[in-house]
Amino acid sequence: MTATSKYLSGAHEAHDSHHEEDPKQYLMYDPKPRGEMNAMVMESMHTTSWKFWVVLGVLAFLVVTCFFFAWGYMIDEGLYVGGVMRPAYWGVFLVNTVFWIGISHAGTFISAILRVFKAEFRRPFTRAAELMTTFGLIQAGASIFMHMGRVWLSYWMFPIPNARQLWPNFHSPLMWDLLAISTYVLGSTMYLFLPLIPDLAMARDRSTGWRKTFYKILALGFRGTEGEWRHLTVAMNFFAFAIIPVMFSVHTIVSWDFAMAMRPGWSSSVFGPYFVLGALHSGMGAVAMVLFVMRATMKHMDYFIRKEHFDALGKLMLMVTFAYTYFFFNDYIVQWYGGDKATDNLLHWLEEGPMAWMFIQFVFFNIVIPPLLLWSKKVRETPWLLALIGLMINVGMYWERYLIIPVMLTINRMPFTWKLFQPRIEVFLTIGTFSMFLLFYMIVSRLIPLIPVWEVQEGQMTHSLRKVGKAKLPTISEFE
Amino acid sequence: MTVDLNLVGAKGAIAEAAQGKWGMTIDQDICTGCQACVAACAMENNLAFVGEEDAGYGRTQHWIRIERFWDGEYPHVQATPFQPMLCQQCGHAPCEPVCPVFATPHSPAEDLNLQVYNRCVGTRYCANNCPYQVRSFNWRDYHTVPELGNMVNGTLVFPLHNQLNPDVTVRRRGVMEKCTFCIQRIHKAQDKAKSEGREVEDGEFTTACAQACPASAITFGRVDHPESLVSQLAHQERGVKHLEELNTLPRVTYLKEG
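Heads up: these notes are all about the structure in this document.

Helix and strand counts for chain A stand at 19 helices and two strands. By residue count, 58% of the 480 residues in chain A fall in the buried class. At a minimum sequence separation of 6, the contacts of chain A that also span at least 24 residues come to 80%. Of the accessible surface of chain A, which amounts to about 20800 Å², a share of 69% is contributed by carbon and sulfur atoms. For chain A, the distance from the average site of its 39 positive side-chain charges to the average site of its 33 negative ones is 5 Å.

This is the structure in structure tokens:
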């Protein structure tokens, strides 16, 4: 440990120059008895202040008005209440879809990939990330259906046997999309549920009343016997490995909706990995925001979620930023170099058209500012600063999707039809999806343990401080 | 004969299919931009009147439009020929494979792009993928918009309903539509010819836009019959096809700078 890093890791430790940094600051080396930890998590679920109910009420109101009422109004009146027109036949609904699928990626990435690679810092926040996957996908799915002209006939996209022997068109990228997203929804929900079972069983044993019934049903009679654990571990391993290729494929396929089309700016062969990296970029930012809010508002969370976790997350964000930057330049520079007339028009429109402010913000928020801040350990360890960077990245990524869909659609090969898209009811529906995501998160934070207690406990059992001479060395043993 | 152009080794067949069956030529040198074709098309095909606001926002329901361009900056402006743009009935259409429910298939009998209104669910992917931007979407039930009707003795009446063509569907909201090459007229002529035991003659019938064109800039007919007027016009040296580099095999030939 150099003096610099010691200074950065916290002022209160700076005076203590004789010792290595205190291992107790790491969750894994700061164990608590199981009973106490369980009680802490249970208490965090039961504690609600009046502020919680106020926010919940506001969000519920927004969901009812901006989501259900606005959508119902749109179904009743027709899509003309939105801003879609020729040439921007696709608008903000698909921006929301891509955005929410992007958010949903971080959950799987953190939880499955880090679990497979046994990254220890993931332990306390895998659940929070997995919940983002599920709730994000709900919003993405709803946005797709909002987008359809005749949503009441959307079941025609499913291969349902019918008298006329009409079958969906498997040549269509939208069909692939439907299959990929529904696979991802099913897979990620299973993957959320499996690691939840031991915690639900823990909660069942410690609650009364309707909660007891609720957990009893969901815990599927889990008692924690050796055989049950073995089966659960096998199943979780299976899903952790299986969900990773699904995660990569789902956003690649979403990107193919655009990349397969014959439009300037869209038909780019690098869109697959570019979109996956973009999804991780926004997803990591969202995880940072969620962790900050959890830590700031829920009881006992400062024990579970610590500086080290923000630090590790910040490093991941930094890495993803660099990878995303590479694909950004790859996409735009290759398109510019291609010299196609229509693409040229499009790029000029992006850099100097009326939406140039969005393009410039997108570049700064996603590519320029994050690496300039995230290199510093001090920034990474400041939760509110990391959450702010996460917010900035998410705004930038939303702009990116907005640029790709309605703004790029503005420019096509028929200059006579060029016209700028203006969102109308989409604004309300966007607010509605965001409120619904937050509402689900708030409700669930009081219903299921947001901290995977068994995973933290498992981690703490494998980590120990061994005394070698006078020094205490952190050691990690293999659990399985 | 139909050939699946998606098959490997269909290259030769593509050149053959490029010809198509029904086709059109539009002489830009004699087009005056009078919009008679636009009006005739709207009447023939029951196109909806969308009102001023929606038309200004880019939601016009026109299957054919007159595109007007110019060179240079004001006041040194040089007008270029008017360019009527309609569905090119591509032989290798980008709109067809992207529909998830087969609402826009290729007709093997007519060699045209069909739009099945009943099947359309409104994903609008076809319109996005159309390089010519000629598809129009029914953003609302424009035929029964209250603001566009007349109030007579307390009841809302729509005088324009009296001129609806009974041979053509009135589209409801949420479906895509586009130029059909007046397929109802094609079928009528074919039925008549069949009942008289003969082939459809060249010039026996034409599309609404061609019929209405006062300058006779639009010619419609069989492009696979070398002696027909349309194929003779199309094979002139001044014939060009739009966005040919995309390999869409358009059936409409534009004649200009003759």
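What follows continues from the structure just given.
Assigned secondary structure in chain B consists of eight helices and 14 strands. Against the 2.2 N^0.38 benchmark of 18 Å for 258 residues, chain B shows a C-alpha radius of gyration of 19 Å, consistent with a compact globule. Taking all 258 residues of chain B together, 53% fall into the buried category. Look at the contacts in chain B between residues 6 or more apart in sequence, and 65% of them connect residues 24 or more apart. A total of about 12200 Å² of accessible surface is found on chain B, and carbon and sulfur atoms cover 54% of it.

So, on to the side chain of Asn96(A). All names here are of chain A. Assignment of secondary structure puts Asn-96 in helix 5 (residues 92-116). Side chain to side chain, Asn-96 and Tyr-398 meet in a polar contact 2.6 Å long. What Asn-96 contacts, discounting residues up to four positions off in sequence, is Ser-143, Tyr-398, Thr-430 and Thr-433.

So, on to the interface of chain B and chain A. How big an interface is tends to be stated in terms of accessible area lost as the parts join. In this complex, chain B contributes 53 residues to the contact, which on the side of chain A involves 51 residues. Interface area for chain B against chain A, summed over the two sides, is near 4300 Å², with a carbon-plus-sulfur share of 54%. When the buried area of chain B at its contact with chain A is split by residue, Tyr57(B), Tyr125(B) and Asn128(B) rank highest and sum to 17% of it. The interface formed by chain B and chain A includes zero salt bridges. Scanning the region where chain B abuts chain A turns up 34 residue pairs in polar contact (both at pLDDT 80 or more).

Quick look at the sheet that holds strand 12 (residues 218-222) of chain B now. Residue and element names in this part refer to chain B. Sheet architecture is open: four strands sit in the order 12-1-14-13, paired in mixed fashion. In this open sheet, the two edge strands, each paired with only one partner strand, are strand 12 and strand 13 (239-240). Note that strand 1 (residues 22-27) and strand 12 share five bridges and pair antiparallel. Within strand 12, the residue paired with Gly-23 across the bridge is Gly-221.

All names here are of chain B. With 13 residues, helix 6 (residues 183-195) ought to run about 18 Å at 1.5 Å a step, and its terminal C-alpha atoms sit 18 Å apart, in line with that. By the burial criterion, the buried members of helix 6 are Ile-183, Gln-184, Arg-185, Ile-186, Ala-189 and Ala-193. Those residues of helix 6 that are buried are in contact with strand 1, helix 2 (36-44), strand 7 (112-113), helix 7 (208-212) and strand 12. Immediately downstream of helix 6, the backbone of Gly-197 shows phi near 70°, a positive value.

A few words now on unusual backbone geometry. Here the residue pair Arg86(A) and Pro87(A) is connected by a cis peptide bond, since its omega of 5° sits within 30 degrees of zero. As for its placement among the helices and strands, Pro87(A) is situated in the loop between helix 4 (50-77) and helix 5. The omega angle of the peptide bond from Tyr74(B) to Pro75(B) is 5°, so this bond is cis rather than trans. Tracing the backbone shows Pro75(B) in the loop between strand 3 (70-71) and strand 4 (78-79). Even without glycine at this site, Leu220(A) takes up a positive phi of about 55°. With respect to the helices and strands, Leu220(A) occurs in the loop between helix 9 (209-218) and helix 10 (226-259).

Right, let's get into the packing of helix 4 of chain A against helix 18 (residues 425-445) of chain A. How two helices sit against one another is set out by the angle between their axes and by the gap between those axes. All names here are of chain A. Orientation of helix 4 relative to helix 18, taken along the N-to-C sense of each, is 140°, at an axis distance of 8 Å. As the angle between them shows, helix 4 and helix 18 are arranged oblique. When you trace helix 4 past helix 18, the crossing you get is left-handed. In terms of residue class, the contact of helix 4 with helix 18 is built from 23 nonpolar, four polar and no charged.

Once that is clear, we can look at the side chain of Ser143(A). Residues and elements named next belong to chain A. Position of Ser-143 among the secondary structure elements: in helix 6 (residues 126-147). Here Ser-143 falls in the buried class, since its relative accessible area comes to 0%. When neighbours within four sequence positions are excluded, Ser-143 is seen to be in contact with Phe-93, Asn-96, Thr-97, Trp-100 and Thr-433.

Residue and element names in this part refer to chain A. Its location among the elements puts Ala-106 in helix 5. With 299 residues separating them along the chain, Ala-106 and Ile-405 place their C-alpha atoms 22 Å apart. With residues near it in sequence (within four places) discarded, Ala-106 still touches Ser-111, Ala-129, Met-132, Gly-283, Met-284 and Val-287.

This part takes up the pattern of salt bridges. On inspection of all chains with the given rule, the structure shows 29 salt bridges over all chains. In this structure, Arg115(A) and Glu130(A) form a salt bridge, with 4.0 Å as the shortest nitrogen-oxygen distance. Residue Arg115(A) is located in helix 5, and its partner Glu130(A) is located in helix 6; the two are separated by 15 residues in the primary sequence. When its relative accessible area of 14% is taken as the criterion, Arg115(A) is described as buried. Here Glu130(A) falls in the buried class, since its relative accessible area comes to 3%. A salt bridge links Glu196(B) to Arg198(B), with the shortest nitrogen-to-oxygen separation between them at 2.8 Å. A residue is classified by how much of its surface remains accessible, and Arg198(B), at 26% relative accessible area, is partly exposed.

As a further point, take the pairing of strand 2 (residues 471-476) of chain A. Residues and elements named next belong to chain A. Of the strand pairs in this sheet, strand 1 (residues 463-468) and strand 2 are connected by six bridges, and their pairing is antiparallel. Across the sheet, Lys-467 pairs through a bridge with Lys-472, a residue of strand 2. In textbook terms, the turn of a hairpin is the stretch between consecutive antiparallel strands, and for strand 1 and strand 2 this stretch comprises two residues, one of which, Gly-469, has a positive phi near 65°.

The relation between two aromatic rings is expressed through the spacing of the ring centres and the mutual angle of the planes. All chains considered together, the criterion is met by 46 aromatic pairs over all chains. Geometrically, the ring pair formed by Tyr274(A) and Phe275(A) is edge-to-face, given 6.4 Å between the ring centres and 70° between the ring planes. Since its relative accessible area comes to 4%, Phe275(A) is described here as buried. Of note, Arg59(B) hangs over the ring of Trp139(B), and the distance from its end group to the ring centre comes to 5.4 Å.

Criteria and cut-off values
- Residues numbered from 1 in each chain as written.
- Chains lettered and ligands numbered in written order.
- Predicted model: local features only at pLDDT ≥ 70, side-chain atom pairs only at ≥ 80, totals over all residues.
- Heavy atoms only, no water.
- Helix = DSSP H or I, 4+ residues; strand = E, 2+ residues; numbered from the N terminus.
- Buried < 20%, exposed > 50% of the residue type's maximum accessible area, 1.4 Å probe, protein only.
- Contact = heavy atoms within 4.5 Å.
- Areas by Shrake-Rupley, 256 points an atom, 1.4 Å probe, with all protein chains shown as cover.
- Lys, Arg positive; Asp, Glu negative; His and termini not counted.
- Charge placed at Lys NZ, Arg CZ, Asp CG, Glu CD.
- Rg over C-alpha atoms; globule rule 2.2 N^0.38 Å.
- Polar contact = N/O pair within 3.5 Å; in protein donor to acceptor, adjacent residues only side chain to side chain.
- Buried area = accessible area lost by both parts, 1.4 Å probe.
- Salt bridge = Lys/Arg side-chain N within 4 Å of Asp/Glu carboxyl O.
- Pairing = 2+ DSSP bridges.
- Expected span 1.5 Å × (residues − 1).
- Axes fitted to C-alpha atoms, helices over the stretch in contact; angles between N-to-C directions.
- Parallel < 35°, antiparallel > 145°, perpendicular 65-115°, else oblique.
- Left-handed = near helix turned anticlockwise from the far one by under 90°.
- Nonpolar A, V, L, I, M, F, W, Y, C, P; charged D, E, K, R; others polar.
- Phe/Tyr/Trp six-rings, centres within 6.5 Å; stacked < 30°, edge-to-face > 60°.
- Lys NZ or Arg CZ within 6 Å of the ring centre and 35° of its normal.

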